[in-house]
Amino acid sequence: MKSLIDEWEYVSRSTYSRLIFIGPLVAALFFGLMFSQNQISESPVVVIDEDHSSYSRHLITQINASPYMNVTNVYASRLNPEILLANEQAVAVIMLPKQLELLQQQEISANIGILMDNTMPSGLTGIRTAIQEVIQTENMTLSMTRLIQKGMDGQTSKGLASPLSLQQRMLFNPTSSYVGFMVLGFVNIVVLMITTSAAGAIVPRLRHEGKLFANGKSPYHIWIRSVPYAVMSSISLLLCYGLLKQVGGMRFEAEPYLFIIPLLVYALALSLMGLLIGYSAKDLSKVNSRTNFIVYPSFLATGIQLTPLALPEPFQISAWVLPLNWLNRLIRGMALRDGVLTAYSQELGALLIIIGVMSLFIGLLVLREAGKAYSSRESLVNSDVLPSSS
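An unreviewed UniProt entry lists the protein under the name ABC-2 type transporter transmembrane domain-containing protein, with Paenibacillus antarcticus given as the organism. The protein has a UniProt comment under Subcellular location (unreviewed entry) that states "Cell membrane".

**Side note on the UniProt feature "transmembrane region" (unreviewed entry) in the protein**
Residues annotated in UniProt with the feature "transmembrane region" (unreviewed entry) correspond here to residues 16–35, 178–202, 222–244, 256–279 and 348–367. Counting secondary structure, residues 16–35 comes out at 95% helix and 0% strand; the distance between its end C-alpha atoms is 28 Å. For residues 178–202, the end-to-end C-alpha separation is 35 Å, with 80% helix and 0% strand making up the annotated structure.

**Side note on the pairing of strand β1 (residues 43–49)**
The element β1 is extensively covered by neighbouring structure, given that 6 of its 7 residues are classed as buried. Pairing of β1 with strand β2 (residues 69–75) involves 6 bridges; the strand directions are parallel. Within β2, the residue paired with Val46 across the bridge is Asn73. As judged from the 5 bridges shared by β1 and strand β3 (residues 92–96), these two strands associate in the parallel manner. Looking at the pairing, Val45 lines up with Ala92 of β3.

Conventions adopted
- Residues numbered from 1 in each chain as written.
- Predicted model: local features only at pLDDT ≥ 70, side-chain atom pairs only at ≥ 80, totals over all residues.
- Heavy atoms only, no water.
- UniProt positions renumbered as here; feature names shortened; annotations may be inferred.
- Helix = DSSP H or I, 4+ residues; strand = E, 2+ residues; numbered from the N terminus.
- Buried < 20%, exposed > 50% of the residue type's maximum accessible area, 1.4 Å probe, protein only.
- Pairing = 2+ DSSP bridges.

Written as structure tokens, this is what we have:
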């Protein structure tokens, strides 16, 4: 208990107590405001209309009416698409061919081209779906009109023109907001960097001050010092999630008093991992470079910007040792999907296993160093006794 009190006193005096709250909250506020309106509702497109007919103008109106596309310019003759897309004034070029209206009247199929700039795939989020919806709706309208003209009633013509209709719903993140995954990931990474660096500096600091075994040689005295960092990290994360909910409109359905449980488990696993990584560092300057072995894989492989399903299976398995992987899964499950705590025993169990493994290795390192310190002290005592006895 003396070690815990001593560490709390150090934490309260250090910059960590301010940095762990200010850093993530600033990141949550900044990125939350930046991406609060991130939905690309109207991507700019240009149309090359070679038909110049009333039907082509009707199609252009339908395209412009889509919530995903905004027709910025209409050109009367064919131009090089690379020129139109060069200055990023548009992300797609839609080409309406000559004799489009004539072919439509003659009930002959016509090809409409769409050329999309895929250098920034996120800008094309809704264009593919939108253009397909416009064409599908137009095809069904034309087919039903022709069938009705041939004497069929509306219901029968609809059954022939469109026997199956698709109704889709986007669950949990219907607006594809970045706040629920990318911004949240940035905040988690900021907390991870600050916590692992601070926890990793515990043993080098104590060793430098000559206080590593001041309260005893039990690994418990070192292990308990990670608790203040876990508690403060958990509180900081919960405050950041609340800020993102208010500022960025993030979906967060879990009850805070329940979600604090996985947060505490995660933060303890993270603090112990930082403690283990920094244990053998010779000085504090080397701790930060070692924490990069946690930060970079956590950013790439735990589902912050890219779903883990897009990674090869070996990379997915390697992410199991990272505490952030399980926190992200808990967030997606409990916070975004409104899952109950008991449904995520696998994620909590994985974090508990990480805590157990980290504790085991820390204990072995502490006992090993304590044994060496005891042996060196015995050697000094013996060397002092031998001359005096002679």
